[in-house]
Amino acid sequence: MSNFVGVIVSDPWLHSQFTQVELRGLKSKFLSAKKETGHVSVGNLPSLMAKLKGLKDLVAEQEIAETLSVSYPETNQELEFESFLKAYLDLLSRAAAKLGQAKNSSSFLKTATTTLLHTINESEKSSYVAHINSYLGEDSFLKKYLPLDPATNDLFDLVRDGVLLCKLINVAVPNTIDERAINTKRALNPWERNENHTLCLNSAKAIGCTVVNIGTQDLVEGRPHLVLGLISQMIKIQLLADLNLKKTPQLLEVIDDSQDVDELVSLSPEKLLLKWMNFHLKKAGYKKTVSNFSSDVKDGEAYAYLFKALAPEHANTDIFNAKDPNERAKKVLEQAEKLDCKRYLSEKDIVEGSPNLNLAFVAQIFQHRNGLSADAKPISLSQMMPDDIQVSRDERAFRLWINSLGIATYVNNVFEDVRNGWVLLEVLDKVSPGSVNWKQASKPPIKMPFRKVENCNQVVRIGTKLNFSLVNVAGNDIVQGNKKLILAYLWQLMRFNILKLLKNLRYHSQGKELTDADILNWANSKVEGSNRTPQMDSFKDRNFSNGLFFLELLSAVKPRAVNWKVVTKGENDEEKKLNATYIISVARKLGCSVFLLPEDIIEVNQKMILTLTASIMYWSLRNSLPSEVNSNVPELLAQDSPTQPAAPSDREGSGIADNISDFDNAAPDTPQSQNNNVALGR
């Protein structure tokens, strides 16, 4: 339980350049190199640094050596870890300069990774603080700390214990976290604080947040850019929750009759919001098309026409006559206030085109008045959503799992987004590095149908090599969106990853193949002798439904994990749901990143029961190893060294986060992550 300490760098400036996840990755590589030769010298660095993606593509080994020779003329000079970090940052800056980005080195970084390279947007901070004060002001635990003052750093101080972020997740997606699992004492010790942050990060992934390169120590330190980035995602998920056909079937109005409903289903919430906005703008006579929430709305004209369409009773011709953008923005907000939609932005935010705040503003307008008819167009329910509830649950679990892998593509709808084969190739490359031949793959957008078939044919070929059951399955089945086959393929992919990760714990299995039965036997052995629950015969055993087996298992692997005072007997549906919800939160608090729902436990969904058990098993086995061994157990994101080029990416630059991730992928001894996360497929 010492992981909360993190990697300490004595130089505050240098320490601020990296997140804890990045520091742990770099420290692992540094120590691995030191272990091989007894020390790390200047002469060792060129081959070491050249393995990083950002440097590998832009800076040759010889060039790295020449650059280092300026600061370190003696190649046999030994370097400490902090000197290694400084050399790394210097090389990244030079690589950025080669890309023509020397004017602003922060543009070289793909994501917000440092406090010095990323400024804090005070407007966003103020809006998020107002959101927190509004939604959590009456919370029984937090009300003594609220309201927060946006002019101070109170927000970053309050997140240090983890309670606020856990509560905010439940505001975004109610009942995600069982609040009985949150440590809410006035003064938390470091272990309890770390548990809260672990629960927060795993739960954030489970609602669709991207938390790559954020560790528990980053939240303990209250790093402003990371905290605001995470809060921004939570608020966005909350505000866009109704932007789908299940919640708002009236959205069918925004498409032409000739369009395929599947196209609408596949749109991300942001794109669907833009489509809704343009639908009303066109009706109001606006001649332009809004394609973003920044430059296209900064003059305020689009908002003027949107309110004309949605709230004609508040129409004011002065808004159209205003020549100054600031004056028009002021009048826009005056109209918004009449609809109670002014919370998220100011005149300055409109004029400057703040994308996050303008998106939140439009989403709030949609929530208050979407301008759609009360009745949806008559359409078959099967066209709008998955075939049944179980298919919907499975799609959700696989979607969240895929998005947790850190691949370049974000999946909004599994059945639509995998049809061109590219996403599945990305997942395969993450789960089985080197299995994809990227030279034979076509990257979206793909106009030629046969290119999609080629991608999917490669997906099937790789699955066959991995011994998946794919009898009579062809690439065209995926292109056609065969839901049953897509779910079957993804389940085998997830299961393959689970068993591979467990097998890689060589100190436990000696590299032997593991089976579902081995996982079940391990779990039964852990709860043996319990008076509360019997042994389980299979992952279909109905005795799983009351949740007591998993509570015993969690208590066995970590005795203080379960508070038995809040556990029910599981004798009726209500008690079973209480137990199931608690199980998921306790598992995430422990460090397991799982994506099942309480209903999966209650109804004994065999696949999800297996993933939960395997995740607990992996966490337990890894944490039972000696510390010197545990530090070299691969994190679930790290895999064997790839032999094929990585998938090309359209994302800007290749930041520190990417470099470290790829560096970790090239070596099998990556340490466990900052918060001991056990993410199936990570």
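First, a word on scope: everything that follows refers to the structure included in this document. The shown structure was predicted, so the numbers you read here are calculated from the model rather than taken from an experiment.

1. Observations regarding the overall build of the chain
Here is step 1 of the chain: Along the backbone of the chain there are 34 helices and two strands.
Here is step 2 of the chain: Each of the 682 residues in the chain was classed as buried or not, and the buried ones make up 55%.
Here is step 3 of the chain: Here the analysis covers contacts within the chain between residues at least 6 apart in sequence; of these, 67% occur between residues at least 24 apart.
Here is step 4 of the chain: When the accessible surface of the chain is summed, it comes to about 29300 Å², and 48% of that surface belongs to carbon and sulfur atoms.

2. Details of the nonpolar core
Here is step 1 of the chain: Core analysis: the largest hydrophobic core is formed by 174 residues, its most contacted members being L155, L230, L273, W276, M277 and F361.
Here is step 2 of the chain: Ranked by residues supplied to this core, first place goes to helix 26 (residues 483–503) with 11 residues.
Here is step 3 of the chain: By size, the runner-up hydrophobic cluster in this structure holds 29 residues, among which are L68, F84, L85 and Y88.

3. Remarks on the packing of helix 26 against helix 32 (residues 606–624)
Here is step 1 of the chain: Two elements in contact, helix 26 and helix 32, have axes separated by 10 Å at closest approach and are oriented at 20°. For the element pair helix 26 / helix 32, the angle class is roughly parallel. Crossing handedness for the pair helix 26 and helix 32: left-handed. Note on element contacts: helix 32 touches helix 26 through K607, L610, T611, A614, M617 and Y618, opposite W491, M494, I498, L501 and L502.
Here is step 2 of the chain: Residues that form the contact of helix 26 with helix 32 fall into these classes: nine nonpolar, one polar and one charged.

4. Remarks on the side chain of D541
Here is step 1 of the chain: As for its placement among the helices and strands, D541 is situated in the loop between helix 28 (516–526) and helix 29 (548–557).
Here is step 2 of the chain: Here D541 sits buried without a salt bridge, and the closest side chain of opposite charge, R542, lies 7.4 Å off (N-O distance).
Here is step 3 of the chain: One polar contact links the side chain of D541 to the main-chain amide nitrogen of N543, over a distance of 2.9 Å.
Here is step 4 of the chain: Every residue in contact with D541, bar those within four places of it in the chain, is listed here: Q535, M536 and V604.

5. Points about the side chain of R396
Here is step 1 of the chain: Within the element layout of this structure, R396 appears in helix 21 (residues 389–404).
Here is step 2 of the chain: As a buried residue without a salt bridge, R396 has its nearest oppositely charged side chain in D600, at a separation of 5.7 Å.
Here is step 3 of the chain: If near-sequence neighbours (up to four positions away) are discounted, R396 is found in contact with A206, F595, L596 and L597.

6. Quick look at unusual backbone geometry
Here is step 1 of the chain: A cis amide bond links L146 with the next residue in sequence, P147, at an omega value of 5°.
Here is step 2 of the chain: When you line up the elements, P147 lands in the loop between helix 7 (122–136) and helix 8 (154–158).
Here is step 3 of the chain: Note the cis peptide between P444 and P445, where omega equals 0°.
Here is step 4 of the chain: Summarising the element assignment, P445 is placed in the loop between helix 23 (422–431) and helix 24 (449–465).
Here is step 5 of the chain: Of note, N467 is a non-glycine position whose phi angle comes to about 65°, a positive value.
Here is step 6 of the chain: Position of N467 among the secondary structure elements: in the loop between helix 24 and helix 25 (475–479).
Here is step 7 of the chain: Accessibility expressed as a relative area gives 70% for N467, which makes it exposed.
Here is step 8 of the chain: Despite not being glycine, N472 has its phi angle at roughly 60°, a positive value.
Here is step 9 of the chain: Mapped onto the elements of the fold, N472 is located in the loop between helix 24 and helix 25.
Here is step 10 of the chain: Judged by its relative accessible area of 77%, N472 is exposed.

7. Observations regarding the pattern of salt bridges
Here is step 1 of the chain: Enumeration over the complete set of coordinates arrives at 22 salt bridges.
Here is step 2 of the chain: Within this structure, E195, K558, R560 and K589 form a network of salt bridges that share partners.

8. Observations concerning helix 32
An α-helical turn contains 3.6 residues, so a residue and the one three or four places further along point in the same direction.
Here is step 1 of the chain: Taking 1.5 Å per residue, 19 residues should reach 27 Å; helix 32 reaches 27 Å between its end C-alpha atoms and fits that length.
Here is step 2 of the chain: Most of helix 32 sits inside the fold, with 15 of its 19 residues counted as buried.

9. Focus: helix 17 (residues 325–338)
Here is step 1 of the chain: Compared with an ideal rise of 1.5 Å per residue, which puts 14 residues at 20 Å, helix 17 spans 20 Å between its outermost C-alpha atoms and is within 8% of the ideal.
Here is step 2 of the chain: Those residues of helix 17 that sit buried are R328, A329, K331, V332, L333, Q335 and A336.
Here is step 3 of the chain: Contact partners of the buried residues in helix 17: helix 15 (301–310), helix 16 (318–321), helix 18 (347–352) and helix 19 (355–368).
Here is step 4 of the chain: Once helix 17 finishes, D340 follows within two positions and takes phi at roughly 60°, a positive value.

10. Brief notes about the packing of aromatic side chains
Here is step 1 of the chain: All told, the structure shown has 16 aromatic pairs when counted by the stated rule.
Here is step 2 of the chain: Their ring planes at 85° and their centres at 5.3 Å tell us that F544 and F549 sit as a pair that is edge-to-face. Here F544 and F549 have matching classes, each one buried.
Here is step 3 of the chain: Members of the aromatic cluster, each reached through a chain of ring pairs, are F539, F544, F549 and F550.
Here is step 4 of the chain: For the cation-ring pair, K27 lies above F81, with the distance from its terminal atom to the ring centre recorded as 5.1 Å.
Here is step 5 of the chain: One cation-aromatic arrangement involves K144 over F141; the distance from NZ or CZ to the ring centre is 4.0 Å.

11. A few points about the environment of H314
Here is step 1 of the chain: By the element assignment, H314 lies in the loop between helix 15 and helix 16.
Here is step 2 of the chain: Once you skip the residues sitting within four places of it in the chain, H314 turns out to touch Q335, K338 and L339.

12. Describing the packing of helix 7 against helix 12 (residues 224–239)
Here is step 1 of the chain: One can describe the packing of helix 7 onto helix 12 by two numbers: an axis separation of 11 Å at closest approach and a directional angle of 55°. The pairing of helix 7 with helix 12 is recorded here as oblique in orientation. Crossing geometry of helix 7 relative to helix 12 is assigned as left-handed. On helix 12, the residues touching K125, Y128, H131, I132 and Y135 of helix 7 are L228, I231, S232, I235 and Q238.

13. Here's the deal with the environment of E347
Here is step 1 of the chain: Relative to the elements of secondary structure, E347 occurs in helix 18.
Here is step 2 of the chain: Counting along the chain gives 21 residues from E347 to N326, while the straight-line C-alpha distance between them is 6.4 Å.

What counts as what
Residues numbered from 1 in each chain as written. Predicted model: local features only at pLDDT ≥ 70, side-chain atom pairs only at ≥ 80, totals over all residues. Heavy atoms only, no water. Helix = DSSP H or I, 4+ residues; strand = E, 2+ residues; numbered from the N terminus. Buried < 20%, exposed > 50% of the residue type's maximum accessible area, 1.4 Å probe, protein only. Contact = heavy atoms within 4.5 Å. Areas by Shrake-Rupley, 256 points an atom, 1.4 Å probe, with all protein chains shown as cover. Core = buried A, V, L, I, M, F, W, Y, C linked by side-chain atoms within 4.5 Å. Axes fitted to C-alpha atoms, helices over the stretch in contact; angles between N-to-C directions. Parallel < 35°, antiparallel > 145°, perpendicular 65-115°, else oblique. Left-handed = near helix turned anticlockwise from the far one by under 90°. Nonpolar A, V, L, I, M, F, W, Y, C, P; charged D, E, K, R; others polar. Lys, Arg positive; Asp, Glu negative; His and termini not counted. Salt bridge = Lys/Arg side-chain N within 4 Å of Asp/Glu carboxyl O. Polar contact = N/O pair within 3.5 Å; in protein donor to acceptor, adjacent residues only side chain to side chain. Expected span 1.5 Å × (residues − 1). Phe/Tyr/Trp six-rings, centres within 6.5 Å; stacked < 30°, edge-to-face > 60°. Lys NZ or Arg CZ within 6 Å of the ring centre and 35° of its normal.

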